[in-house]
Amino acid sequence: MPSICARAFVRAAVAIVVLGITPAASLGQPCGPTQLFSPPAAYEAGVEAGFVAIGDLNAAGHVDMAVTNSSSLDVSVLLNLGDGTFAPEARYGQGGIPRAVAIDDLDGDGDNDLAVAYQGTDNVGVLLNDGEGAFANAVLYDAGIWTFSVKTGDLDGDGDSDLVVSNILSDDIHILMNNGDGSFAPKVRYAVEERPVSVAISDLDGDGNLDVAATNRDSNSVSLLLNRGDGSLARQVSYPAGHWPFSLAIGDVDGDGNADLVVVNAFSENASVLLNNGDRTFADQVTYSVGRLPVSVALADMDGDGDADMVVANAGNNSVGVLLNNGDGTFAAQAIYGAGNITASVALADLDGAGDRRLGRRRRSRSGRGQLGV
């Protein structure tokens, strides 16, 4: 006989027809890592898609998806039908080669907009929402050399979201402050180390201000830039990571109230966990084996036990790895789930409103046509 967790999970998976998690707390016993997910459902996106972001784009109360497509030079938007399935994509272009997208209310009208990092044109594009999940043409802002990653957050405490962009060829990041209406002031440069790929934003030192972290691919490090309190950043401090650190996530993994760092290292095929010491410094990395060529990581409570677990997109063996938190900031061995050809990005949210997490992850089909798996 299957366990209570397994039997309840099968019923939920058939009902919603998405890759989903049944929360262990509602079933009366923990779910093991091999019981978390049902087979994926695939949705078409553009050509050579590489990054997925999740948020409510049409104010319907459901989680929608935006996906960057580097070969078709556009961004796909897939609106949630309310049950964790998605309408056919709508595409938006005009900016260059899109590498990353962030979802946030940038103009303060209550609707979530898109910010897109465009490689090659050295711009970040802002696509404002019409309130129903359709988007205006991109307004482009100079954002440095070879923009690769973009995140949003209120860095200067004025109530609107600013932009943080990584510039992979000039070894720096740029901050673009929001003017309050969804337009942005000229960029301000901050040096990091060699080839910054990804950026993340969180309060890392507990002072109430949002700080910035960046993975430096060629120097095998992660840079921390603490907020001075006015939106300007202190000089970077770097910590060693693995070989080719590619993506990072920030969250409290050990339950002490401080934001920790989790970095996936593409060439050493592991994840580095750097615990926050609570005094504006971080402990040395502790590494965990993951799959081949890990390129994306996200944190969320995947098994319903109240701890932040780790989910990794492994591009080299076309899989998603789930590493459950042991409850103290250490992680169990990963459980592997097949996820299609070249799994490039992972994001976590409750897609069907059932109270549990789903995986949204970008993958590229063998034909080159992008697919979004959930």
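In this report, we go over the structure that sits alongside the text. What you see as residue numbers is a count from 1 along each chain, following the sequence as written. This being a predicted model, a pLDDT of at least 70 is required before a residue's local features are given, and a value of 80 or more before pairs of side-chain atoms are given or counted; all residues contribute to the totals for chains, interfaces and linings. Excluding hydrogens and water, the side-chain figures rest on all heavy atoms present in the structure.

Let's talk about the pairing of strand β10 (residues 147-153)
Thinking step 1. Three exposure classes are used, based on accessible area relative to the maximum for each residue type with a 1.4 Å probe and protein chains only: buried under 20%, partly exposed in between, and exposed over 50%. A run of DSSP states H or I qualifies as a helix once it reaches four residues; a run of E qualifies as a strand once it reaches two. Both are numbered from the N-terminal end. Taking burial as the measure, the seven residues of β10 include six buried ones, the bulk of the element.
Thinking step 2. Any two strands with at least two DSSP bridges between them are considered paired. The pairing of β10 with strand β11 (residues 162-167) spans six bridges and is antiparallel. By the bridge assignment for β11, Val 150 is matched with Val 165.

What about a nonpolar patch on the surface?
Thinking step 1. On the surface, a nonpolar cluster with roughly 260 Å² of combined accessible area is contributed by Ile 145, Trp 146 and Leu 169.
Thinking step 2. Structurally, Trp 146 can be placed in the loop between β9 (139-142) and β10.
Thinking step 3. The class of Trp 146 is partly exposed, set by a relative accessible area of 30%. Residues enter patches when their relative accessible area tops 30% and they take part in no salt bridge; the joining distance is 9 Å for like charges and 5 Å for the nonpolar side chains Val, Leu, Ile, Met, Phe, Trp and Tyr. The Shrake-Rupley method, run with a 1.4 Å probe, gives the accessible areas here. Residue values count only the displayed protein chains as cover. The salt bridge criterion pairs a side-chain nitrogen of Lys or Arg with a carboxyl oxygen of Asp or Glu, the two atoms within 4 Å.

So, the sheet that holds β11
Thinking step 1. Spatial ordering of the open sheet is given by β10-β11-β12-β13, a layout of four strands whose pairing is antiparallel. Since the sheet does not close on itself, it has two edges, and those belong to β10 and β13 (188-191), each with one partner. Geometrically, the sheet is characterised by an average inter-axis angle of 25 degrees between neighbouring strands, direction not taken into account.
Thinking step 2. As defined by bridge partners, strand β12 (residues 172-176) adjoins β13 across four bridges and the pair is classed as antiparallel. When the bridges of β13 are listed, Ile 173 appears paired with Tyr 190. Axis lines are fitted through C-alpha atoms, for helices just across the contact stretch, and the angle between N-to-C directions can take any value from 0 to 180 degrees.

A few points about the side chain of Asp 74
Thinking step 1. Relative to the elements of secondary structure, Asp 74 occurs in strand β4 (residues 74-78).
Thinking step 2. The class for Asp 74 is buried, based on a relative accessible area of 8%.
Thinking step 3. Among the polar contacts made by the side chain of Asp 74, one reaches the side chain of Ser 72 at a distance of 2.9 Å. Here a polar contact means two N or O atoms within 3.5 Å. Within protein one must be a hydrogen donor candidate and the other an acceptor candidate, and residues neighboring in sequence count only if both atoms are side-chain atoms.

Looking at the sheet that holds strand β17 (residues 237-240)
Thinking step 1. Sheet architecture is open: four strands sit in the order β14-β15-β16-β17, paired in antiparallel fashion. What marks the edges here is a single partner per strand, and that holds for β14 (196-202) and β17. Direction aside, the axes of adjacent strands within the sheet are offset by 25 degrees on average.
Thinking step 2. Sheet topology note: the strand β16 (residues 221-225)/β17 ladder contains four bridges and is antiparallel. If you follow Val 222 over to β17, its bridge partner there is Tyr 239.

Any functional reading would require information beyond the geometric quantities listed.
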